[in-house]
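Remarks on the overall topology
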Amino acid sequence: MAGDIQVKVSGIEDVKKALRDLPVKLRKRALLNALRAGGRVFRDEARRLTPVAAVPVRRKGAVIRQPGTVRKAITVRTSKVARRNGDLGVYVNVRPAKGGQRGKYSPTDPFYWRWLEFGARGKPGVQMLQRAVARAAEVVAKFSQTLGPQIQRLNRKDAQP
């Protein structure tokens, strides 16, 4: 599905030139903020598409699934792999529960997001993350709307004595 989407971006050379004028630390901050802003568009769309149980799921009287657990766990995160390679990057995924709160009977563990996304036992998946990719053009627009003003603001601050 993601292969069907095409986005054309123009003006990259102007952005590169403006970024070269900034100190490295400020350049990274501006880019990371813009990447996160674009990622939030994906995140918000994926959250909108995620189904939510109407009532808590119980087993033997104990709550084992809270409504909205997967929806709340969809986040924009900084890529450690990209950082190790000297790049900047973010990704949108379902954040697992903290170590001691994991397990199939934990009401805060969204481990079952995979079945929601991809389906299970003949039941089709919802594909909330894959369908959110359809907003790619909006993500690029948000990225440029965020990055442009930040570069201008940082260049003005840098130019002041």
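For the structure itself, look to the data block above.
Below: a short report on this structure. In every chain, residue numbers begin from 1 and rise along the written sequence. Confidence filtering applies because this is a predicted model: local features only for residues at pLDDT of at least 70, side-chain atom pairs given and counted only at 80 or more, and all residues used for totals across whole chains, interfaces and linings. Water and hydrogen atoms play no part in the side-chain values, which are based on all heavy atoms of the structure.

For the protein chain, the count of helices and strands is seven helices and six strands. In DSSP terms, a helix is any run of H or I states spanning at least four residues, a strand is any run of E spanning at least two, and both are numbered starting from the N terminus. Taken from N to C terminus, the helices and strands of the protein chain fall in the order α-α-β-β-α-β-α-β-α-β-β-α-α. Three exposure classes are used, based on accessible area relative to the maximum for each residue type with a 1.4 Å probe and protein chains only: buried under 20%, partly exposed in between, and exposed over 50%. A total of 161 residues make up the protein chain; the buried ones form 27% of that total. Contacts between residues were defined by any pair of non-hydrogen atoms, one from each residue, lying within 4.5 Å. Put simply, of all contacts in the protein chain between residues at least 6 apart along the chain, 59% involve residues at least 24 apart. Total accessible area on the protein chain stands at roughly 10900 Å², and carbon and sulfur atoms take up 53% of it. Note on areas: these come from Shrake-Rupley sampling with a 1.4 Å probe, and a residue is covered only by the protein chains present in the view.

We call a set of buried Ala, Val, Leu, Ile, Met, Phe, Trp, Tyr and Cys residues a nonpolar core when their side-chain atoms join them within 4.5 Å. Residues Ala-46, Leu-49, Val-70, Ala-73, Ile-74, Val-94, Tyr-112, Trp-113, Met-128, Leu-129 and Ala-132 constitute the largest nonpolar core, which totals eleven residues. If you list the elements that add at least two residues to this core, you get helix 2 (24-49), helix 3 (69-73) and helix 6 (128-132). Per element, the largest residue contribution to this core is three residues, and it comes from helix 6. Setting aside anything within four residues of it in sequence, one finds Ala-132 in contact with Phe-42, Glu-45, Ala-46 and Leu-49. In terms of nonpolar packing, the next biggest core, distinct from the first, is built from five residues, Ala-34, Leu-147, Ile-151 and Leu-154 among them.

As a further point, take unusual backbone geometry. A positive phi angle, near 55°, is found at Lys-60, a position not held by glycine. With respect to the helices and strands, the residue Lys-60 is situated in the loop between strand 1 (57-59) and strand 2 (62-65). The class of Lys-60 is exposed, set by a relative accessible area of 81%. For Gln-127, which is not glycine, the phi torsion reads 55° and is therefore positive. Considering the arrangement of structural elements, one finds Gln-127 in the loop between strand 6 (123-124) and helix 6. On the basis of relative accessibility, which here comes to 31%, the residue Gln-127 falls in the partly exposed class.

Our next topic: the pattern of salt bridges. A carboxyl oxygen of Asp or Glu within 4 Å of a side-chain nitrogen of Lys or Arg is what we treat as a salt bridge. What the rule picks out here adds up to four salt bridges. We note a salt bridge from Arg-48 to Glu-45, for which the minimum N-O separation is 2.7 Å. Of this pair, Arg-48 and Glu-45 both sit in helix 2, three residues apart, which is roughly one turn of that helix. What makes Arg-48 exposed here is its relative accessible area of 55%. Under the relative-accessibility criterion, Glu-45 is labelled buried at 8%.

Residue position: Asp-44 is located in helix 2. Classification of Asp-44 by relative accessible area gives partly exposed; the value is 39%.

Another point: helix 2. Expected span of a helix, by definition, is 1.5 Å for each gap between consecutive residues, and there is one gap fewer than residues. The end-to-end C-alpha separation of helix 2 is 38 Å, in line with the 38 Å expected for 26 residues at 1.5 Å each. Buried within helix 2 are the following residues: Ala-30, Leu-32, Ala-34, Ala-37, Gly-38, Gly-39, Val-41, Arg-43, Glu-45, Ala-46 and Leu-49.

Aromatic contacts are taken between Phe, Tyr and Trp rings whose centres are within 6.5 Å, Trp giving its six-membered ring; a plane angle under 30 degrees counts as stacked, one over 60 as edge-to-face, and the others as tilted. This structure, assessed with the given rule, holds three aromatic pairs. The interplanar angle of 90° and the centroid separation of 5.7 Å between the aromatic rings of Phe-111 and Tyr-112 together place this pair among those described as edge-to-face. Overall, Phe-111 belongs to the partly exposed group, its relative accessible area being 22%. With 5.7 Å between their ring centres and 90° between their planes, Phe-111 and Trp-115 make a pair best called edge-to-face.

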